[in-house]
Amino acid sequence: MAGRRAAKPDWRAVLRRSLRRSSELAGAGALFAGMVFLALALVSYHQTDPSASTAAGGEVRNWMGAPGAYAADFALTLFGPVSCLLLPLLYVFARKLWRLVEEDSGTVEHSDQRWWRPIGILMVAMVLLATGLSLAFTRPGGSLPASMGGISGLLGAGAIRSLAGLLPVVAQGWAIFGAAVACLVAGALGVPA
């Protein structure tokens, strides 16, 4: 026989590829749904909702129910209002998974961008912005669980105030003001577009 047989596709490889693509699509959808969930939870945050930082009980006023109240409280406790930047972070993850599916199908060129770099930059920018907000808004009060900067901002502000304490008393206020402006500017410039 001079002719060759047509090569049969390996059904295991085809099944493995389709399962991987399905899981990437499902993961991208879940991350996008998580982004919408967190956005609605943050928008409808109420200080009196039951959560880890309150002893409140009773009716949950958060649009996403008790899970939304806990999620919003956790995000606001960590970063304060800067936690709204977690939404683009979830979008970046979801878009990366979706692009993997497009790259596998050949409709998009393969990108060599490291996924962790923009996420790391965004996290550092969030901490800088939270620190700047904690230095700028020093009065207690408000409806946020851990001030304007959250715990990350309070820790950063505490470190800056400790370092400023090493300076003469006359220069301490100016050093703290300069550090607050520098944190806000660096954080705003560091947020990936």
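Presented here is a report on the structure given in the accompanying data block. (Residues numbered from 1 in each chain as written. Predicted model: local features only at pLDDT ≥ 70, side-chain atom pairs only at ≥ 80, totals over all residues. Heavy atoms only, no water.)

1. A short note on the side chain of Ser-44
Mapping Ser-44 onto the fold places it in the loop between helix 1 (11-43) and helix 2 (65-79). In this structure Ser-44 comes out as buried when scored by relative accessible area, which is 3%. Within the structure, the side chain of Ser-44 is placed 3.0 Å from the side chain of Asn-62, a separation counted as a polar contact. (Helix = DSSP H or I, 4+ residues; strand = E, 2+ residues; numbered from the N terminus. Buried < 20%, exposed > 50% of the residue type's maximum accessible area, 1.4 Å probe, protein only. Polar contact = N/O pair within 3.5 Å; in protein donor to acceptor, adjacent residues only side chain to side chain.)

2. Points about the packing of helix 5 (residues 150-164) against helix 6 (residues 169-190)
Orientation of helix 5 relative to helix 6, taken along the N-to-C sense of each, is 145°, at an axis distance of 9 Å. For helix 5 against helix 6, the interelement crossing comes out right-handed. Contacts between helix 5 and helix 6 involve Ile-160, Arg-161 and Ala-164 from the first element and Gln-172, Ala-175, Ile-176, Ala-179 and Cys-183 from the second. Its residues placed into classes, the contact of helix 5 with helix 6 shows six nonpolar, one polar and one charged. (Axes fitted to C-alpha atoms, helices over the stretch in contact; angles between N-to-C directions. Left-handed = near helix turned anticlockwise from the far one by under 90°. Contact = heavy atoms within 4.5 Å. Nonpolar A, V, L, I, M, F, W, Y, C, P; charged D, E, K, R; others polar.)

3. Observations regarding the environment of Ser-147
By the secondary structure assignment, Ser-147 is in the loop between helix 4 (116-136) and helix 5. On the basis of relative accessible area, Ser-147 is assigned to the partly exposed category, the value being 25%. For Ser-147 and Leu-133, which are 14 residues apart along the polypeptide, the C-alpha to C-alpha distance reads 8.9 Å. Among all residues touching Ser-147, those that are not within four sequence positions of it are Gly-80, Ser-134 and Leu-154.

4. Points about a nonpolar patch on the surface
Taken together, Phe-32, Val-36, Leu-40, Val-43, Trp-63, Tyr-91 and Val-92 make up a surface patch of nonpolar side chains, about 680 Å² in accessible area. Residue assignment for the nonpolar patch shows that the elements contributing at least two residues are helix 1 and helix 3 (86-105). Among the elements that line the nonpolar patch, the one with the most residues is helix 1, at four residues. Take Val-36: it is sitting in helix 1. For Val-36, a relative accessible area of 37% translates into the label partly exposed. (Patch = residues over 30% accessible without salt bridge, like charges linked within 9 Å, V, L, I, M, F, W, Y side chains within 5 Å. Areas by Shrake-Rupley, 256 points an atom, 1.4 Å probe, with all protein chains shown as cover. Salt bridge = Lys/Arg side-chain N within 4 Å of Asp/Glu carboxyl O.)

5. Describing the environment of Pro-50
Topologically, Pro-50 is positioned in the loop between helix 1 and helix 2. Under the relative-accessibility criterion, Pro-50 is labelled buried at 15%.

6. Points about the nonpolar core
Counting residues in each nonpolar core, the largest one holds 20 residues, and the members touching the most others are Leu-38, Leu-42, Val-82, Leu-85, Leu-86 and Met-126. Where this core is concerned, the elements lending two or more residues are helix 1, helix 2, helix 3 and helix 4. Take this core: its biggest share by element is six residues, from helix 4. Filtering out sequence-adjacent residues up to four positions away, Leu-38 remains in contact with Ala-71, Ala-75, Leu-86, Leu-87 and Leu-90. Residues Leu-135, Ala-157, Ala-180 and Cys-183 belong to the second largest nonpolar core, which totals six residues. (Core = buried A, V, L, I, M, F, W, Y, C linked by side-chain atoms within 4.5 Å.)

7. A few points about helix 6
The terminal C-alpha atoms of helix 6, which comprises 22 residues, lie 31 Å apart, in line with the 32 Å expected from a rise of 1.5 Å per residue. Residues of helix 6 that are buried: Ala-179, Ala-180, Cys-183 and Gly-187. Here the buried residues of helix 6 occupy an arc of 100° about the axis, which is enough to place them on one side. Away from the buried face of helix 6 by more than 90 degrees, exposed residues Val-170, Trp-174, Phe-177 and Leu-189 are located. Looking at the buried positions of helix 6, the neighbouring elements they touch are helix 4 and helix 5. (Expected span 1.5 Å × (residues − 1). Arc of directions from axis to C-beta.)

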